[in-house]
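# A closer look at the structure
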Amino acid sequence: GNVLTSNVKIRVKSLEEASGKLDLLIDKISTDGEWLYERIFLFGYSAGACLIMNTCYNRAKCGKRALGGAICVAGGLKGQ
């Protein structure tokens, strides 16, 4: 597919919003004691892989706890 560059503002905004919601969900289920961060694995294909990688990247950039892992197939991070 095509590289998602920062000049495609509506798509980048949508990706960041979805990533933020997924991050909130991860923190919610972990702080409620339902799941340990180390036991959360994310899987994404294509656009889902882009979402998963972006979420993990943002979590690491903000210094949040690492997850158990991420499996990303046929996707990538947005271009800078």
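Anything mentioned here points back to the structure above.
Summary of the structure given here.

The rules behind each value
- Residues numbered from 1 in each chain as written.
- Predicted model: local features only at pLDDT ≥ 70, side-chain atom pairs only at ≥ 80, totals over all residues.
- Heavy atoms only, no water.
- Salt bridge = Lys/Arg side-chain N within 4 Å of Asp/Glu carboxyl O.
- Patch = residues over 30% accessible without salt bridge, like charges linked within 9 Å, V, L, I, M, F, W, Y side chains within 5 Å.
- Areas by Shrake-Rupley, 256 points an atom, 1.4 Å probe, with all protein chains shown as cover.
- Helix = DSSP H or I, 4+ residues; strand = E, 2+ residues; numbered from the N terminus.
- Buried < 20%, exposed > 50% of the residue type's maximum accessible area, 1.4 Å probe, protein only.

Considering all chains together, one arrives at seven salt bridges under this definition. Salt bridges linked by common partners bring Asp-23, Asp-27, Arg-59 and Lys-64 together as one network.

The next subject is a nonpolar patch on the surface. Together, Phe-43, Tyr-45, Ile-71 and Val-73 line one region of the surface with nonpolar side chains, adding up to about 430 Å² of accessible area. Looking at the nonpolar patch, the elements with two or more residues in it are β1 (41-45) and β2 (69-73). Along the chain, the position of Val-73 falls in strand β2. Given a relative accessible area of 33%, Val-73 falls into the partly exposed group.

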